[in-house]
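This is what each chain is made of:
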Amino acid sequence: MFARILAVAALAAPLASAAIIDVFVGGDGVLKFQPESVSANPGDSIRFTFGRKNHTVTQSTFANPCTQITDAAGVPGGFFSGYMPVAEGQTTDLPQFWIPVKDTKPIWAFCSQANHCQQGMVFAVNAPADPDPKSFANFKALATGGASAQPAPAVTVSSSIGPVATSTPAVTDPNNAAGANPYAGTDPNAASSAAPSSTVSANEAAATGATGSGTVHQVVVGGTGKLLFEPDHITAAEGDVVQFVFKAKNHTATQSSFAQPCSPLAGGFDSGYQPSDDVGPNFPTSSFTVTNASAPVWFYCKQGNHCQAGMVFAINANDNSEKSFANFQNNAKGASSASASATGSAASATVTANSAVSAVGGSKGVVVALTVVSMVFALAL
């Protein structure tokens, strides 16, 4: 038993050391990533928070800074946040996009809005330092002398949330003239009266969205007379993206645990309430990146008693074990209500903060570290 606990602790240690690195994208009159270049370790996550007005984070290459990376067949690949419009004066519910850092190789990105890249709006992770030919300074120089900009597509893609870390710096708009942090203490997943920050056509899967294999699994959430995820469970590889497409009427995709299917997992993924209809063609979306294919991930809708009605979802559940999807759903149907109803418009919804910001709070990482240990211990049992 003691050896088993030591093994669990060893598994939890690298997760507990992971960090979230904040990057602010754009802002009023600012065509810039702030900071423009960062260093990160494997297991860290980059969290992009979008400022006014409408920007993207799109993966490129050093040789072609202003062109989305493609595979051998010429198909666009890499990660792509989609266009993230932020209204004038909006200081809450700022859209975010996360990417996991898997190794120490350089990652190159740019904003594909209009000619923003050609004006130097580029970003890098683990770029070599000067005077290396592939330094960030040289990457930016190539961008400002690059080819014409890519036109903005009609389809936009939602945010993607990466793994939990033990520390979460406050997200501050560096362009705020007052120098204050208008975003501190807000839940980025909370519903508001603002329109969803990003949408996607239900007929088009996001072609990209994450490093790794980049396979996108679309899951439809709800619909008229439907309290379910379709499909309700899938198998996905590390680096794949699960894209939740929300239909009528107002649902969430909220991470939970097998033991407590209808309660939010501290620090876990939460789409927030997504009011929608079945008319389309554009539906609100939210995307989750699979970072560990060997560990099941559990979700539910926290609207009213939807979870207790069986509205749950799972990634990589083992149907040949006690922790099968069927047992998870049965647990949900027997659970007590864990959240308040948010009906009508998104403005009337009351949302519990499940973001990494609220999970860490002032705990100096202790809460998340313990949560990670608990998760791994549960998996080991």
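Refer to the structure printed above.
Analysis parameters
Residues numbered from 1 in each chain as written. Predicted model: local features only at pLDDT ≥ 70, side-chain atom pairs only at ≥ 80, totals over all residues. Heavy atoms only, no water. Helix = DSSP H or I, 4+ residues; strand = E, 2+ residues; numbered from the N terminus. Contact = heavy atoms within 4.5 Å. Pairing = 2+ DSSP bridges. Axes fitted to C-alpha atoms, helices over the stretch in contact; angles between N-to-C directions. Phe/Tyr/Trp six-rings, centres within 6.5 Å; stacked < 30°, edge-to-face > 60°. Buried < 20%, exposed > 50% of the residue type's maximum accessible area, 1.4 Å probe, protein only.

Novice: Sorry, what's going on with the environment of A127 here?
Specialist: Assignment of secondary structure puts A127 in the loop between β10 (122-125) and α2 (136-144). Along the backbone, A127 and S39 are 88 residues apart, and their C-alpha atoms lie at a distance of 7.6 Å. Other than its neighbours up to four places away in sequence, A127 contacts S37, P106, W108 and F136.

Novice: So what exactly am I meant to see when it comes to the sheet that holds strand β21 (residues 297-300) here?
Specialist: The strands that make up a sheet are held in pairs by hydrogen bonds between backbone atoms, and each pair lies either parallel or antiparallel. The sheet built from 4 strands is open, its strands ordered β15-β22-β21-β18 with mixed pairing. Two strands lie at the open edges of the sheet, namely β15 (233-234) and β18 (254-256), each paired on one side alone. For β18 and β21, the ladder comprises 3 bridges, and the chain directions are antiparallel. Counted as the bridge partner of Q255 is F299 from β21. Sheet strands touched by helix α3 (residues 325-333): β15, β18, β21 and β22 (312-315). Its angle to β22, the strand with the most contacts, is close to 150 degrees.

Novice: I would appreciate a short explanation of the packing of aromatic side chains in the present structure.
Specialist: Two measures describe an aromatic ring pair: the distance that separates the ring centres and the angle between the ring planes. Applying the stated criterion across every chain, the model contains 22 aromatic pairs. When the centroid spacing of 6.2 Å and the interplanar angle of 80 degrees are considered together, the rings of F80 and Y83 count as edge-to-face. You can call F80 buried: its relative accessible area is 11%. The exposure class assigned to Y83 is buried, which follows from its relative accessible area of 3%. Geometrically, the ring pair formed by F269 and F288 is edge-to-face, given 5.5 Å between the ring centres and 80 degrees between the ring planes.

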